[in-house]
Structure formats: C-alpha cells, structure tokens
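# Results of the structural survey
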Amino acid sequence: MRLPQPKRVTVKEWVTAPVPGVVGLDFETFYTSAYSVSQMGNWAYVHDRRFNAWAVSVSDGERTCVCPPAEFPWGMIAGREWVSHNREFDEAVFLRLGDLGVIPRDARPVRWFCSAALCAFLQLPRDLAGAAKAVFGVDLDKTIRAGMKGRDLSADLPGMIQEETDYAACDAEMALALWNTLSGHWPAHERRLYEQTVAMGRRGLVVDWDYVDANLKELNATVEAVSAALPWKPALSITKFEAACADIGTPPPKSTAANDPDFQDWVRDNMRSDAVIWARHMQRMRSANRTAKVLESMKARRKADGRMVFELKYYGATPGRWSGGGGLNMQNYNRKPAEGVDLRRCIVAPPGCLLAVVDYAQIESRVLLFLAGDTDTLDMFRLNPDADAYEIHARATMGWRPEVSVQGSGFSGEETLRQYCERTGSGLRQLAKARVLGLGFGCGARRFIEVAKVMAGLEISFEESDRIVREFRESNPKIVALWEHLNDACASCDGGDYVLPLPCTQVNSDLGRFLIYRDVAAGENGIECTVAGDRIKVYGGLLAENWTQGTARDVLASAWLRCDASGFRPVLSVHDELVFEVPEASAEEDLRRIVGIFEEPVAWAPGLPLLAEGKLCAVYGK
DNA sequence: GTGTAGGGCGCG
DNA sequence: AAAGCGCGCCCTACAC
C-alpha cells in the first residue's frame, strides 16, 4: 500500500492554499502515568487542572501543519470532514479548548470520523502504530512517543525539535491515510452504532451520589481494618502469604481465588489452620477494594449536572461486541452486593422516570442452533415462545418428557422441567444447563468436570464427564457438523485469510460484517492465524463460538438501531441488554413497545426465535 | 522510574 | 483427537 508523503508547512504557508477533502487531525497533550486518559477517561482528563494541549497537527494529505492549538487557523478547516484516531479523545480536547477560550467554538467540522473505530471494525490492530504496520507495513517511531511522556513542550513550540514535530505530524497523516484507504468498508449502520455509543457515554447515567459517598467511606475503613489483620505487607501479596503458610507448616493452596475449586478443597483440608483465615481476609480485602475503586472511579466522572459520564468501546472485542474502557467498566458491575454494597443500586432513574431494562433470553444458545441449522429444535422454541432453553435442550436431546400435566405451563399444559425438578429433586435441569452453556463450543471431558461443578454444582467423575460429552455430541450432530465445517473452511484458507461473513451480510456483498482470521497456517498441530494483530490458535469449536457471539451481537445492534429509530435511546448497553430512561407516565407502554422491538424477527435471520424480558425499576438491577 | 505478565474478580 | 469464549481493572512481582 502506497503512503502519501505530505509536505510539512508552517501556519503562514498553510493559509495560502485551500484544503481538499478530509482532514486528519491530532492533538498532543501533557500526560503522566497517574494523569492519563486510560486511567481517567476522556472527560475527566480534559477537565483536570493539569490539562494542557500543547500542539495540534492537521494534515490534508498534501500538507501537514503542526503548531500550538491557539495559533492554528481553524477557519480554514471549519465545516469540513475531519478524521482522528480515537476521535472521542480529540473531540473532548477540542470541546474543552473551546470552553477555555483557547480556540474558537464555532470552527466545527461537519462530520468527525474515527479511524481507530474503523480499524477495530476491520479487526485490524486498534492502536495507530499497529494499524500502520498492518495496513502500510510502516513502523511509527515509538522512541519519540516514549520521549514525550511527562514533558510539557508548549514552551518549545514553534521551535520544537524536528523529531517531535515529525511525530505529531505523523499521527494526523496516518489517521487520514487509514481513513482514505479503508473507510469504504465500514457500513453506514455500523457508523451510526459508533456515534450512538459515544453519545450514550457522554450523556451518562444518573447516580445516587449519597449512596456512593456513604459506602465509599465504609469500604475504605473495611480495607484498612482487614489489611491491618494480615501480618505482612503488602497485604495482598501471595508470595508473602505462601511464606507465612510455610512458617506454620500449612501447605499453600494452588489458588487463593474464592471460587476456585482447588481453593475450596484446600479450605476443607486445612480447616483449623490460620492460613485459611488469612486467605479469607485477602479475599474480603480484594472484594472491598474493588468495590471502593469502582465508587472512586464513578466520583471522578461526575458532571456538573449530576450525571456520570462513561465510555464504552465500540467493537472492543474481536467478534464485535462492545467492551468497557476509559478506566471504568460499566459492563461488569456486580449483580449482587459485595460487602453490603450494591454497585448497580448506584445507578438510578432521573426524577419522574423509571429505568426500563430489557434483555434477550438465552440469545447465544438460540443463535448457535440457528447457525447449526437445527430446525427441529428451533421449531420447539417457535411453538413454545416462552419456553426455557434448558428444558428444550432436555426434550430435544436428553429424552426428557413431563410426567404430569399442569394447566398453563409452556408445552400445552404439561409440567415444566423446572417444576419436575422441584417436585422430584432431580438435577436434570442443572445438567441440561451445564450442557447447553458448556458443551456447545467444543469443551472436552476433562474441562467439563470443572464446567459442571462451577455452572451447575455437579460433582462428576472423568468417566461420567466423558460419557456426557460423547452423548452430547451424538445427540447434537448439527452442532458438531458446524464445528467441523468451520474448521475445514478455515484450514482450506492455508496461506491466506479466512473471511467468515456474519448472517447480517447480504449474499455477495462486501459491505457487510465479517470475522477475519488473517494469515492462516494450517498444519498437523492445528490452525494458527492473526486476529487483531495477535497470533492465535483456532479450532472449529472456537470459530463456532466467535460466529455465535458475533451474530448475537448483531441481533442486539439491530434492536438498538430500531429502538433509536422509534425514539428510544438507551443510556447503557451490556452485551444482550439495553437500559432506557422512560417517563413514569408512559413507562408500562414504553416497556411493552421496547420488548416488542427486541422480539421483532430479524430479516437476515429467518427462523431465529427471539425472546426478550423487560422490567421497570427505580434503581438499576432491582 | 516504566512496562509487562499473571493472579484475581467482576460481567455476558 | 482435543479445545468453552469474550472482555477490563486492580494488585503484585519482576525485568529493564
């Protein structure tokens, strides 16, 4: 790929000629390890006292100008299309500089694109240097980048040394080059999703700050007290814990994680040892500390209007899901209280509103059956729209039939599997759950012992596990065939790229969504390929999992866009769930409509049975 | 001092 | 034949 070599010009030279096409733009700002975007998020970073944007570089592909933001002739590029790598950051800087009066507020772009989001969509490395290497084969000079940290170079400009101007210029030029080369492959509806993601986080969530403040104080006291009860420092040091175990003659556990089966066995074997008390203290401290850190992180993102900004990363995961980012992950808030603190309870509805929380039921299980073409099982879903996925699995593949008839239950007045298990004390439903969640993507017998234990609380032997795994594969031939088909299709791309279109991609269209496995090397030891810049091993079950997760993501994305088109803008998105703020007066009706939108059949997935569940609440998670 | 890797813990 | 997968953040240890 040929890379343009723009000429470096001064402000005086820049203003002598008009600007063609899209403009690449990149701000350079002061940062340290403690004061950084990755830790604080864009909003808190640009509102900090230390905020200092000491340069902006602007490139039109023919010329590049680097100068202090206040000196740049913004009128020359106002009303044009701009592109930045991580636009949310540059936009946050731009808006803040406008508020501070450093640059004119009215010199805005007509559109502002993000080349990083574009690269993520194409499953290229998201970082600029990685993308530059992958697309153009060039190495951006990292030594210059490293040398800038902690330096305020505003005094040096415009007499800044050549290397540093080169670096600043390089980012703007590269963002533009990536955009001009790749933007044609980014569909319009995906761009809308990106824009809505950014807008959602910037709008933020309403928080019960009294609850946050009160609990933060208590949690910090707990952390302090538990830390003092441990006879070493740092209190969470596993090395020191193991040394202390040796001192009292107790063998250390393989893991000190609360939910690790090895740890639980160790507790059982060492009940009377002080080491068990220490380990429990460490677990309690980790839990309290995590919760405290989340609360602190929330406080740092409090806007003047009382809402809390957050960031979700569009296409943060390779199958296309959103991920957390910017120092606070809104997608992994505890579902249950920890140390008496309910993190979800911090998020509340604004006055006069309720939160409408809507999510898809067992979306991935349903999508897997759809992708495998298991129409018989899908028919069971369609004929019993409210049925439990684990019951359908038990009926379809485990030979389960109800013993008695109960009026009003799922399958035409029969007893449900849940009712059956409650009545008889059977663990069949737990086993069905473990099979559905654990075995659909290639998990083997050894691993399934753990999966069954953690997911369903089942203690099984290797022989039992092996029997279950083989039985599952025999009774789900279409799923196994899917693994094999994907494995073969990928292996056949040896020496090239394996491009797997998601169902939302129209036949023969190159403007869709794809899972891309680059530089496939298939051999005796399996398949290796590059995903988002990393070399990984892949196999049929993994490909089936990625395809399933990606398709389920597209189902939610589709619902998101349809909700938006109907005037329902979510305030939060968590994989298979959207959260809305709805006026109390219309809450019931709005919820009903949103659930209806979720359950609308998707045009590109005919026969995929969708079930959505919705609830109204004053605080999140209740 | 900085960067990274691994354990741990939280979510879907 | 065998293999659950997808994330982010905090803390500690360790190499440079």
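About the cut-offs
- Residues numbered from 1 in each chain as written.
- Chains lettered and ligands numbered in written order.
- Predicted model: local features only at pLDDT ≥ 70, side-chain atom pairs only at ≥ 80, totals over all residues.
- Heavy atoms only, no water.
- Helix = DSSP H or I, 4+ residues; strand = E, 2+ residues; numbered from the N terminus.
- Rg over C-alpha atoms; globule rule 2.2 N^0.38 Å.
- Buried < 20%, exposed > 50% of the residue type's maximum accessible area, 1.4 Å probe, protein only.
- Near = heavy atom within 4 Å.
- Polar contact = N/O pair within 3.5 Å; in protein donor to acceptor, adjacent residues only side chain to side chain.
- Nonpolar A, V, L, I, M, F, W, Y, C, P; charged D, E, K, R; others polar.
- Core = buried A, V, L, I, M, F, W, Y, C linked by side-chain atoms within 4.5 Å.
- Contact = heavy atoms within 4.5 Å.
- Pairing = 2+ DSSP bridges.
- Domains from an automatic or database assignment.
- Phe/Tyr/Trp six-rings, centres within 6.5 Å; stacked < 30°, edge-to-face > 60°.

## Describing the overall build of chain A
For chain A, the count of helices and strands is 22 helices and 19 strands. Its C-alpha atoms give chain A a radius of gyration of 27 Å, near enough to 25 Å, the size a compact globule of 622 residues would have. Principal-axis analysis of the C-alpha atoms places the extent of chain A at approximately 85 × 65 × 65 Å. Relative to its full complement of 622 residues, chain A shows a buried share of 53%.

## With respect to the protein's contact with DNA strand C
Among the 31 residues in the neighbourhood of DNA strand C, the closest are listed as Ser237, Gly327, Gly442, Arg447 and Tyr539. Backbone sugar and phosphate groups make up 72% of those atoms of DNA strand C lying within 4 Å of the protein. Within the contact set of DNA strand C, a sugar or linking oxygen lies 2.9 Å away from a side-chain nitrogen or oxygen of Asn329. One of the side-chain nitrogen or oxygen atoms of Arg446 is found 3.2 Å away from a phosphate oxygen of DNA strand C. Among the elements of the structure, helix H12 (274-299), strand S10 (323-325), helix H18 (445-456) and helix H21 (540-565) are those that each provide at least two residues to the surface near DNA strand C. Partitioning the surface near DNA strand C into residue classes produces 10 nonpolar, 15 polar and 6 charged.

## Focus on the nonpolar core
One finds Met298, Met308, Phe448 and Phe598 to be the most contacted residues of the largest nonpolar core, which totals 157 residues. When neighbours within four sequence positions are excluded, Met308 is seen to be in contact with Gly204, Leu205, Val207, Trp209, Met298, Arg301, Leu328, Met330, Tyr333 and Ile347. By size, the runner-up hydrophobic cluster in this structure holds 30 residues, among which are Val46, Val56, Phe94 and Trp112.

## Thoughts on the sheet that holds strand S11 (residues 347-348)
A sheet is described by the order of its strands in space; here 3 strands give the open sequence S8-S7-S11, paired in antiparallel fashion. Strands with a single pairing partner mark the edges of an open sheet, and in this sheet they are strand S8 (307-308) and S11.

## Some thoughts on the domain arrangement of chain A
Quoted interface sizes are often the accessible area lost when the parts come together. Split by domain assignment, chain A resolves into domain 1 (7-186), domain 2 (208-301) and domain 3 (373-531). Look at where the C-alpha atoms of domain 2 and domain 3 centre, and you get two points 37 Å apart.

## Brief notes about the protein's contact with DNA strand B
In the region of DNA strand B, 21 residues are neighbours, and Thr256, Ala257, Tyr333, Arg335 and Asp576 sit closest. Sugar plus phosphate, as a fraction of atoms of DNA strand B within 4 Å of the protein: 87%. Thr256 is positioned with one of its backbone polar atoms (N or O) 2.7 Å from a phosphate oxygen of DNA strand B. At 3.1 Å from a phosphate oxygen of DNA strand B is found a main-chain nitrogen or oxygen belonging to Ala258. Residue contributions to the surface near DNA strand B peak at 3 residues, all from H12.

## With respect to the packing of aromatic side chains
Under the definition given, this model contains 29 aromatic pairs. Ring centres 5.8 Å apart and planes at 55° place the aromatic pair Trp14 and Phe72 in the tilted group. With a gap of 58 residues between them, Trp14 in helix H1 (residues 11-14) and Phe72 in the loop between strand S4 (63-67) and strand S5 (81-84) connect regions that are remote in the sequence. Taking 6.4 Å as the distance between ring centres and 75° as the angle between the ring planes, the aromatic pair formed by Tyr314 and Trp322 counts as edge-to-face. Of the two residues, Tyr314 and Trp322, neither departs from the other in class, the shared state being buried.

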